[in-house]
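Chain by chain, the residues:
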Amino acid sequence: MSRRMYPDQHNIQISTVSYPAVRQLIAQGQLIPIDRAPESDNPIKGLTDAELYVLAADAPIEILSDVACVIGGLPVQAKLYALPSPAYHAVVRANPFTQYPGIAELRATLRTSATSALEGLRRAVQQGRQPGQLVAAAQESAQFVSCWMPDQTVVQIKSLPKRAEPDVFLTLAFRAAFTGVFPPRREAAMGLDVGLQPHTVVAREDGQVRHYHLSPLVRLPTRSLSSAERELHEILQYAQGREDSEVVVAYLIGHASHIYAEVLEHRGMSTKYIARSRQLALQDAFYSHLSQYANAAGIPFTRVDAHHSSTTCPDCETRGERDRDIFRCPACGLQRNAHEVGALNVLARGLKGGVHLRTGRWRASGQPRRPARDDFAEWADAYHFPGLGRR
Ligand SMILES: [Zn+2]
């Protein structure tokens, strides 16, 4: 499996308050429209049917904080904290970056005490973002070092159904170098079941199964928070989810010979689940970051059709019943955790022949005729679900 030579790309949502700035940059010729390359050789594998713009030479990008950057002299607000850890660290290294002080302590209180967390949020916001802070929101990766490539930044404008205005995304490009144990150990092929609690179950070809749980966070009365406090709370929730999901990513990169995951399909998922898994970085981790890092480490990654994966018996393939987290097979009597059943079926379907596509687009096994949708398009489509609490 050869390493895709294209950079890693991470799509960041631009805040609606900055849409006028984006329009102004386009009008001034500082964002230049480009044509999308044919899909067979498409380095910008972002959102399908989006209008693409690149930065003009006189419109550099500088990232000021995890929510603010400047393009061609104009301030643009975007959720820049929604990056995988290696990319986050690359951005902080490259920019005079400001962050709230005391983030490490605040993250700890968010796991233990609502009262202390509220006080901590207030105190941090009162002090304001400051330069020279440690990157406490994202752990340094032991497996990847990323280098940010600001001149390859792309702005994507995508019209979505049910939305009055198109959505605008900032796509940042990185070169990720694998720095982990080399060659990766490649012990077994592994299949994933992604949910919330456990957020991931990994099934290995040798029969081992591993469960990964989200760290519990205290519930805060978010309505009583100021908008800056709420934003910081969102950043910290995302940071915790990222840390939780990156434990799995690190395990897979360090041990898997081939990774099989389900095709992301938001149809059929509850909007509440999508919103929650997005807040907790799980959508980004499993539908954008994992495939790109597997690629950087040279580990094959394949998506498979996961329909009924948690309600089909992994032993005899009979459709069974699921009662909360318990699967029961009416034919052979198997009773097993439904997340494990899901992961085992994803693995089995992958081993039977999921299809790996070269450009970062993935086709499900057993669906040869249906045009594949790429991960990023599905990922972006999650935005048009109501109740996602965009700002
Ligand atoms: Zn059975």
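In the block above lies the structure referred to throughout.
Here's what I pulled together on the structure shown here. Being a predicted model, the structure only gives us computed values, none of them experimental. (Residues numbered from 1 in each chain as written. Predicted model: local features only at pLDDT ≥ 70, side-chain atom pairs only at ≥ 80, totals over all residues.)

1. Describing the overall build of the protein chain
How we decide: Numbering of helices and strands runs from the N terminus; a helix is a DSSP stretch of H or I covering at least four residues, while a strand is a stretch of E covering at least two. Any residue with 12 or fewer other C-beta atoms within 10 Å of its own C-beta is exposed, any with 20 or more is buried, and the rest are partly exposed; the C-beta atoms used are placed from the backbone. Distance between backbone-placed C-beta atoms decides contact: two residues are in contact if it is within 7 Å.
Check the secondary structure of the protein chain and you find 9 helices and 19 strands. Taken over 391 residues, the protein chain has a buried fraction of 43%. Across the protein chain, the fraction of contacts at a sequence separation of at least 24, relative to all contacts at a separation of at least 6, is 72%.

2. Regarding the pairing of strand β10 (residues 154-158)
Defined as follows: Strands are treated as partners if at least two bridges between them are detected by DSSP.
Burial runs high along β10: 5 of the 5 residues are buried. Side chains Val-154, Gln-156 and Lys-158 project from β10 onto one buried face, and the interleaved Val-155 and Ile-157 project onto a second face that is buried too. Inspection of the sheet shows strand β3 (residues 51-55) paired to β10 by 4 bridges, in the antiparallel sense. Paired with Leu-52 across the bridge in β10 is Gln-156. Note that β10 and strand β11 (residues 167-178) share 5 bridges and pair antiparallel. Across the sheet, Ile-157 pairs through a bridge with Val-168, a residue of β11.

3. Considerations on the nonpolar core
Threshold: The term nonpolar core refers to a group of buried residues, namely Ala, Val, Leu, Ile, Met, Phe, Trp, Tyr and Cys, whose C-beta atoms join them within 7 Å.
If you look at the biggest cluster of nonpolar residues, it comprises 91 residues, and the most contacted ones within it are Val-91, Met-190, Ile-259 and Tyr-293. Sorting elements by how many residues they give to this core places helix α5 (residues 227-255) first, with 9 residues. Apart from residues no more than four positions distant in its own chain, Tyr-293 is found in contact with Phe-144, Ala-176, Val-249 and Ile-253.

4. Observations regarding the sheet that holds strand β6 (residues 74-77)
Stated formally: Each axis is a line fitted through C-alpha atoms, taken for helices only over the stretch in contact, and angles between the N-to-C directions span 0 to 180 degrees.
The strand order across the open sheet built from 3 strands is β4-β5-β6, with neighbouring strands paired in antiparallel fashion. The open sheet is flanked by β4 (61-63) and β6, the only strands paired with a single partner. Each strand axis lies, on average, 25° off the axis of its neighbour in the sheet, ignoring direction. The pairing of β4 with strand β5 (residues 68-71) spans 3 bridges and is antiparallel. In the sheet register, Ile-63 faces β5, and the bridge partner there is Cys-69. Set on the sheet, helix α1 (residues 19-27) makes contact with β5 and β6; between it and β6 the angle comes to about 135°.

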